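The lines below spell out each chain.
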Amino acid sequence: MMSGRRIFAVARLNALLQTQEPSVPVLMAVIPIVLTPFMIPGNRMTLVEEGYLHATGAEQAVPGFAVLFSFFSVQLIVQMFFDEQQWGTWNRMRASAASMSEIILGKVAVAFIMQFAQMVVVLAFGMLLDGYRPDGSMLALIIVATVFALMVAMFGVAIAMWCGSERTALSAAMLGGVLMACLGGSLTAVSTFPSWARPLARFSPAYWAVDAVKRIGLDRAGVADVLPQIGVIGGFGALFVVASIIGFYRKSRS
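Worth saying up front: this structure is predicted, and the values here are computed from it rather than measured. Residue numbering note: each chain is counted from 1, following its sequence as written. pLDDT decides what is reported in this predicted model: residues at 70 or higher carry local features, side-chain atom pairs at 80 or more are listed and counted, and totals for whole chains, interfaces and linings draw on all residues regardless. The side-chain values count all of the structure's non-hydrogen atoms but skip hydrogen atoms and water molecules.

1. Considering the environment of Gly 235
Right, on to step 1. Only DSSP runs of H or I covering at least 4 residues are called helices, and only runs of E covering at least 2 are called strands; the numbering of each starts at the N terminus. If you trace the backbone, Gly 235 turns up in helix α10 (residues 227–253).
Right, on to step 2. Spatially, the C-alpha atoms of Gly 235 and Met 151 are 8.7 Å apart, while their sequence positions differ by 84 residues.

2. Some details on a nonpolar patch on the surface
Right, on to step 1. Patch definition: residues above 30% relative accessible area lacking any salt bridge, with like charges linked at up to 9 Å and the nonpolar side chains Val, Leu, Ile, Met, Phe, Trp and Tyr linked at up to 5 Å. Only the protein chains shown count as cover for residues, and the accessible areas themselves come from Shrake-Rupley with a 1.4 Å probe. Salt bridges are counted wherever a side-chain nitrogen of Lys or Arg sits within 4 Å of a carboxyl oxygen of Asp or Glu. A surface patch of nonpolar side chains, amounting to about 610 Å² of accessible area, comprises Val 26, Leu 27, Val 30, Ile 31, Val 34, Leu 35 and Phe 38.
Right, on to step 2. As for its position among the elements, Leu 35 is in helix α2 (residues 23–49).

3. A look at the packing of aromatic side chains
Right, on to step 1. Only centres within 6.5 Å qualify two rings of Phe, Tyr or Trp (six-membered ring in Trp) as a pair; their planes then separate them into stacked at under 30 degrees, edge-to-face at over 60, and tilted for everything else. Summed over the entire model, instances satisfying the criterion amount to seven aromatic pairs.
Right, on to step 2. Measuring from ring centre to ring centre gives 5.0 Å for Phe 69 and Phe 72, while their planes differ by 90 degrees; the resulting arrangement is edge-to-face. With Phe 69 and Phe 72 both in helix α3 (residues 58–72), this residue pair falls three residues apart, about one helical turn.
Right, on to step 3. Three or more aromatic residues link up through ring pairs in this structure, and these residues are Phe 71, Phe 148, Phe 155 and Phe 240.

4. Examining the side chain of Ser 70
Right, on to step 1. In this structure, Ser 70 sits in helix α3.
Right, on to step 2. Think of a polar contact as two N or O atoms within 3.5 Å of one another; within protein, one of them needs to be a possible hydrogen donor and the other a possible acceptor, and neighboring residues in sequence only count if both atoms come from side chains. A polar atom in the side chain of Ser 70 sits 2.8 Å from the backbone oxygen of Ala 66.
Right, on to step 3. The contacts of Ser 70, once residues within four sequence positions are left out, are Gln 115, Gln 118, Met 119, Phe 148 and Val 152. In what follows, a contact means two residues having at least one pair of non-hydrogen atoms within 4.5 Å.

5. Structural notes on the environment of Ser 101
Right, on to step 1. Within the secondary structure, Ser 101 sits in helix α6 (residues 100–129).
Right, on to step 2. Think of it in three bands: with a 1.4 Å probe and only protein chains considered, a residue is buried below 20% of the maximum accessible area for its type, exposed above 50%, and partly exposed in between. Residue Ser 101 is classed as partly exposed on the basis of its relative accessible area of 32%.
Right, on to step 3. Sequence separation between Ser 101 and Ile 7 is 94 residues, and the spatial gap between their C-alpha atoms is 8.8 Å.

6. A word on the nonpolar core
In a soluble, globular protein the nonpolar side chains are often hidden away together inside.
Right, on to step 1. Put simply, buried Ala, Val, Leu, Ile, Met, Phe, Trp, Tyr and Cys residues joined by side-chain atoms within 4.5 Å make one nonpolar core. Of all hydrophobic cores here, the largest spans 66 residues; its most connected members are Phe 71 and Phe 148.
Right, on to step 2. Of all the elements in the fold, those that place two or more residues in this core are α2, α3, α4 (74–87), α6, α7 (138–162), α8 (166–183), α9 (205–218) and α10.
Right, on to step 3. Counting residues per element, this core draws most heavily on α7, at 14 residues.
Right, on to step 4. Those residues within four positions of Phe 148 in sequence are excluded, and the remaining contacts are Val 67, Ser 70, Phe 71, Met 119, Pro 205, Ala 206, Ala 209 and Ile 233.

7. Description of the packing of α2 against α3
In a pair of packed helices, the angle between the axes and the distance between the axes together describe the arrangement.
Right, on to step 1. In this analysis, axes come from line fits to C-alpha atoms, helices being fitted only over the stretch in contact, and the angle between any two N-to-C directions falls in the range 0 to 180 degrees. Where α2 meets α3, the axes come as close as 7 Å, and the angle between the chain directions of the two elements is 140 degrees. By the angle between their directions, the pair α2 and α3 is classed as oblique. With respect to the hand of their crossing, α2 and α3 are arranged in right-handed fashion. Between α2 and α3, the residues in contact are Met 28, Ile 31, Pro 32, Leu 35, Thr 36, Met 39, Ile 40, Asn 43 and Leu 47 and Ala 58, Glu 59, Gln 60, Ala 61, Val 62, Phe 65, Phe 69 and Phe 72, respectively.
Right, on to step 2. Polarity classes work like this: nonpolar for Ala, Val, Leu, Ile, Met, Phe, Trp, Tyr, Cys and Pro, charged for Asp, Glu, Lys and Arg, and polar for all others, with Gly in that last group. Across the contact of α2 with α3, the residue classes tally to 13 nonpolar, three polar and one charged. Our angle categories are set so that under 35 degrees counts as roughly parallel, over 145 as roughly antiparallel, 65 to 115 as roughly perpendicular, and the remainder as oblique. Note on convention: near helix rotated counterclockwise from far helix by under a right angle means a left-handed crossing. Clockwise means right-handed.

The structure is reproduced here in structure tokens:
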């Protein structure tokens, strides 16, 4: 039977390991805060052209960078799994009372907390420094951030489960994350894309996250208004969960 105590113990250990080298997670939160003001004027022009005459540009720039750097941070999730092998603690952990499922769930919990905390910090500083003032429901914003953070965490786990080497996994995390983030409109509004590229944006979970936060920020959207976007993001997360499970059993048999 799965034990919450053992999952918590694994999560606590991994959280302690992350706090020993906090520089990269901190940079993943600081860099978007620093860069956001440079993107606001251009985004404001785009939003005005879309009909949002009262927009400041922060409504696109702040969530866009929050999403972009969330995908950049996927490498940290991947690193959690391969660090164990480098340190020689992976086999000892597998030999402990914790099952493999409990070990992975403990790591997923830490990955989710890292992703969620990063998004909250970027959005909060956007409100404090860049004039980001969502007109809609804060509850809706929290739900979107929660579901998106969990989806990104599972994306990282899926990569770790499928890739046999650290170098391959980190490359896949970087390339896949950047592709999904940019294709989804995290750097600039999808309306500025070439006409042939706009339909492709919907195949990225970043598109639905940015669209949901944009509706909350500009259209006074509530939870019910962004349920379709939340559902699609959750669907991507479910796909990554299935991929992680298949990769886990594939790796355990090899």
